[in-house]
Amino acid sequence: MKSISLDITKAVSFLDEATVKAYEPKAVAARKALEEGTCPGNDFLGWLHLPSSITEEHLQHLQTVADTLRENCEVVVVAGIGGSYLGARAVIEAMSNSFAWLVADGKNPRILFAGNNIGEDYLAELTAYLKDKKFGVINISKSGTTTETALTFRLLKKQCEEQRGKEMAKKVIVAITDAHKGAARAAATIEGYETFVIPDNVGGRFSVLTPVGLLPILVAGFNIADLVKGAADMEKATACDVPFEQNPAAVYAVVRNALYAAAGKKIEIMVNFQPKLHFFSEWWKQLYGESEGKEGKGIFPASCDFTTDLHSMGQWIQEGERTIFETVLSIEEPNKTLLFPNDEENLDGLNFLAGKRVDDVNKMAELGTRLAHVDGGVPNIRVSVPALNEYYIGQLIYFFEVACGISGNILGVNAFNQPGVEAYKKNMFALLNKPGYEAESEAIKARLANEK
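Please read all numbers here as calculations on a predicted model, not as lab measurements.

## Some points on the packing of aromatic side chains
Evaluation of the coordinates by the stated rule reveals 17 aromatic pairs. Taking the centre distance of 6.3 Å and the plane angle of 55° together, the rings of W47 and Y398 count as tilted. Taken together, the positions of W47 in the loop between α2 (17–36) and α3 (50–53) and Y398 in helix α16 (residues 390–411) put the pair 351 residues apart, joining distant regions of the chain. On the basis of an interplanar angle of 55° and a centroid distance of 6.1 Å, the ring pair of F280 and F400 is categorised as tilted. Taken together, the residues F280 in helix α13 (residues 278–292) and F400 in helix α16 connect sequence positions 120 residues apart. Put simply, the rings of Y252, F280, W283, W284, Y288, F399 and F400 pair up and form one aromatic cluster.

## What to know about the sheet that holds strand β2 (residues 75–79)
Pairing within the open sheet is parallel, and its 5 strands lie in the order β3-β2-β4-β5-β6. Each end of this open sheet is capped by a strand with a single partner; those strands are β3 (110–114) and β6 (194–197). Taking each pair of neighbouring strands and ignoring which way they run, the sheet shows an average axis angle of 20°. Looking at chain direction, strand β4 (residues 135–140) and strand β5 (residues 173–177) are connected through 4 bridges and run parallel. Within β5, the residue paired with N139 across the bridge is A175. Along the sheet, helix α6 (residues 120–129) contacts β2 and β3; its crossing angle with β3, the most-contacted strand, is approximately 150°.

## A short note on the nonpolar core
By size, the foremost hydrophobic cluster in this structure holds 118 residues, and its most contacted members are W47, L215, F280, F400 and I406. The element contributing the most residues to this core is α16, with 14 residues. Sequence-distant contacts of F280, defined by excluding residues within four places in its chain, comprise A90, L329, I393, L396, I397 and F400. Grouped together as the second largest cluster of nonpolar side chains are 10 residues, F273, A302, I317 and V328 included.

Calculation notes
- Residues numbered from 1 in each chain as written.
- Predicted model: local features only at pLDDT ≥ 70, side-chain atom pairs only at ≥ 80, totals over all residues.
- Heavy atoms only, no water.
- Phe/Tyr/Trp six-rings, centres within 6.5 Å; stacked < 30°, edge-to-face > 60°.
- Helix = DSSP H or I, 4+ residues; strand = E, 2+ residues; numbered from the N terminus.
- Pairing = 2+ DSSP bridges.
- Axes fitted to C-alpha atoms, helices over the stretch in contact; angles between N-to-C directions.
- Contact = heavy atoms within 4.5 Å.
- Core = buried A, V, L, I, M, F, W, Y, C linked by side-chain atoms within 4.5 Å.
- Buried < 20%, exposed > 50% of the residue type's maximum accessible area, 1.4 Å probe, protein only.

Encoded structure:
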């Protein structure tokens, strides 16, 4: 099998050779710290050898539960937020028909995502849509008290029981949660739901290769064995004993950190020329934003879908403040073939493209854009992916995960915690008068009164 590959030539041209070389020993030490568990956050390194540790028995258990959902549901709602849904959604959207929401194939249940916002209209419309559907729920929450997900699950549990009866609801509601503690674990035990465990040593944004991601992907009808194989092969390709120059994750981590520290590039834009990768970029944004944005440090992760966003963001990228660089995800070979037709009248002047594949036009748009952006002062890293399938998506997932761990260690932050995420929650609970937040509530009331 081929592998994803990295082209850094249009990025290192913005750096001097000595700067890049100086980062090499830092990357080697950073990768070693992950392997030996000596880095900050070392109690959350369970993802590091996860791909190679997944057993056939585990995959078969997932398959059995997925089959139950597939046989008994037209729709399965994945309730989760952040890392509890983005990885699954990234893979499912990448592998699905772009118009799956319009084209029911009769084989696979429709996968919907909820619990990732507190939109009343969204939830009202979701529950209305489900009223005449045979639906099930995959509830993903380590604690069971995350507001967005817990609120959604309460609504869906009640509706599922009322529509399908308690016994069927017990069959089509699955909990992915903590092994022993938390509200979600308690509810699953009381109700008798099938459960899977979120490992204690795997944080949400690194959890796509646990049941958090694997079960929804399997229910959607995709091959998780290939996904895991791709990740396991990339685990080998980025191992601690792989020489630096042959380790794509270490090289990527070095180039992005050198651009950040030595060239003043504070924003990384994840770019794709394949619309199916939109949610992959969303997953990547959380992975890097939540891992590195600490202590006043960290590259800001953004994303664009090209060529679409070239008609909205292209001007800023080409000529705006020179604090950005791009990482381009490029799919070498699309899964479909579509030729550009000839038109006798040729009113649009495009007959020079007649007979070419649409992807040929897309590839030239990609190359032309990269050249223009480099000329405009935007360094470009290119990640080339042989094809869009489960195996190569598995490679991509692990590549970015291990590169993130290396990068965080180079930056000198704990890449595996997220203390800043709690700030908004504390204020929200205080404003809602949640028991236990009385002091915070009074402080916020006083602050708001003073601001008036």
